[in-house]
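Survey of secondary and tertiary structure
One letter stands for each residue in the lines below.
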Amino acid sequence: MIQSLIDDFQLCFVKNGRWQYLWNGLGVTLEVALTAIALGLLIGFVVAIIRSSHDKYGRFPILNALAKVYLTIIRGTPMVVQLLICYFIILQSLDKVVVAILAFGINSGAYQAEILRAGIMSIDPGQMEAGRALGLGYWKTMLRIVLPQAIRNVLPALGNEFIVLMKDTSIVGYIALCDLAKGGDIIRSQTYSVYTPYLTVAAIYLILVMTFTWLLGKLERHLRNTGADPVHNDS
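Attention in this report is confined to the structure presented alongside it. (Residues numbered from 1 in each chain as written. Predicted model: local features only at pLDDT ≥ 70, side-chain atom pairs only at ≥ 80, totals over all residues. Heavy atoms only, no water.)

Let's shift gears to helix 5 (residues 96-121). Relative to the 38 Å expected for 26 residues at 1.5 Å per residue, helix 5 spans 37 Å between its end C-alpha atoms, a close match to the ideal helical length. Between the side-chain oxygen at the start of helix 5 and the backbone nitrogen of Val97 there is a gap of 3.0 Å, and the oxygen is on Asp95. (Helix = DSSP H or I, 4+ residues; strand = E, 2+ residues; numbered from the N terminus. Expected span 1.5 Å × (residues − 1). Polar contact = N/O pair within 3.5 Å; in protein donor to acceptor, adjacent residues only side chain to side chain.)

This part takes up unusual backbone geometry. Even without glycine at this site, Asn16 takes up a positive phi of about 60°. Examined against the element boundaries, Asn16 turns out to sit in the loop between helix 1 (2-14) and helix 2 (19-57). Overall, Asn16 belongs to the exposed group, its relative accessible area being 61%. Phi is positive for Tyr192, which is not a glycine, with a value near 60°. (Buried < 20%, exposed > 50% of the residue type's maximum accessible area, 1.4 Å probe, protein only.)

Packing of helix 2 against helix 7 (residues 138-168) brings their axes to within 10 Å, and their N-to-C directions diverge by 130°. Viewed along their axes, helix 2 and helix 7 adopt a mutual orientation that is oblique. For the crossing formed where helix 2 meets helix 7, the hand is right-handed. For the pair helix 2 and helix 7, the contacting residues are Ala33, Ala36, Ile37, Leu41, Phe45, Ile49, Ser53 and Tyr57 in the first and Tyr138, Trp139, Met142, Leu143, Leu147, Ile151, Phe162, Leu165 and Met166 in the second. Considering only residue class, the contact of helix 2 with helix 7 consists of 16 nonpolar, 1 polar and no charged. (Axes fitted to C-alpha atoms, helices over the stretch in contact; angles between N-to-C directions. Parallel < 35°, antiparallel > 145°, perpendicular 65-115°, else oblique. Left-handed = near helix turned anticlockwise from the far one by under 90°. Contact = heavy atoms within 4.5 Å. Nonpolar A, V, L, I, M, F, W, Y, C, P; charged D, E, K, R; others polar.)

So, about the environment of Leu147. With respect to the secondary-structure elements, Leu147 resides in helix 7. Given the relative accessible area of 4%, Leu147 is considered buried. Here the alpha-carbon distance between Leu147 and Phe212, two residues 65 residues apart in the chain, equals 23 Å.

For the structure shown, the criterion picks out 4 aromatic pairs. On the numbers, 5.9 Å between centres and 75° between planes, the contact of Phe162 with Phe212 is edge-to-face. Remark: Phe212 occurs in helix 9 (residues 195-226) and Phe162 occurs in helix 7; sequence separation between them is 50 residues. You can call Phe162 buried: its relative accessible area is 12%. (Phe/Tyr/Trp six-rings, centres within 6.5 Å; stacked < 30°, edge-to-face > 60°.)

Judged by nonpolar contacts, the single largest core of 35 residues is most densely connected at Val32, Ala100, Phe104, Ile120, Met142 and Leu177. The set of elements that each furnish at least two residues to this core consists of helix 2, helix 4 (79-90), helix 5 and helix 7. With 10 residues, the top contributor of residues to this core is helix 7. Setting aside anything within four residues of it in sequence, one finds Ala100 in contact with Val32, Leu83, Val172, Ile175 and Leu177. (Core = buried A, V, L, I, M, F, W, Y, C linked by side-chain atoms within 4.5 Å.)

Along the chain, the position of Asn64 falls in helix 3 (residues 61-76). Taking relative accessible area as the criterion, Asn64 reaches 5% and is therefore assigned buried. For Asn64, the side chain forms a polar contact with the side chain of His54, separated by 3.3 Å. If we ignore the near neighbours within four places in the chain, the residues touching Asn64 are Ile50, Arg51 and His54.

Next comes the structure, spelled out in structure tokens:
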């Protein structure tokens, strides 16, 4: 049995350098996931500030209406459908990796926006009043006082969204992009071996998620123990 496993491993990963499918696919997965997370966070910040500012202070009524339309459409349609629409209809002239980053970033931005909005709404209104009393403008008070506290409150939820996004990138094979999952599928199609490539891909995803969860846990403990500001710290 051990010899059979060794032979299967050599067939799937050693022969003809098939390990490169997984290695190159891992690079694509990380590139799409990490860049999309950053893009989604940026979109989430903007939408969350607009939505919470309207809910708390009645600001930006038109932008708030547009933000609600964006949230309704993105959260009401499947990710794979959004990816296909971006690739075949809206962004068909762009590189596949760029299309995937934009599609996942826009999708994640909707969910991160609502997480951040909940964090902002949980902050005492007195924080905004205190910032204004110190002479800070609305945006400076929001970015330097309110938002850092909100992020600290919702960090676990944001981390969970990041993990979900990383796993969801496995559907980029629908636009013929060779990510980690697609690399395992290519090996399976060439070797007719099912267990080894798919279990290896699953193990790699598990390691990625566990690593990210560990890093997030360290960040949470650091912020809890030091009271450090995750966004802006003048000390």
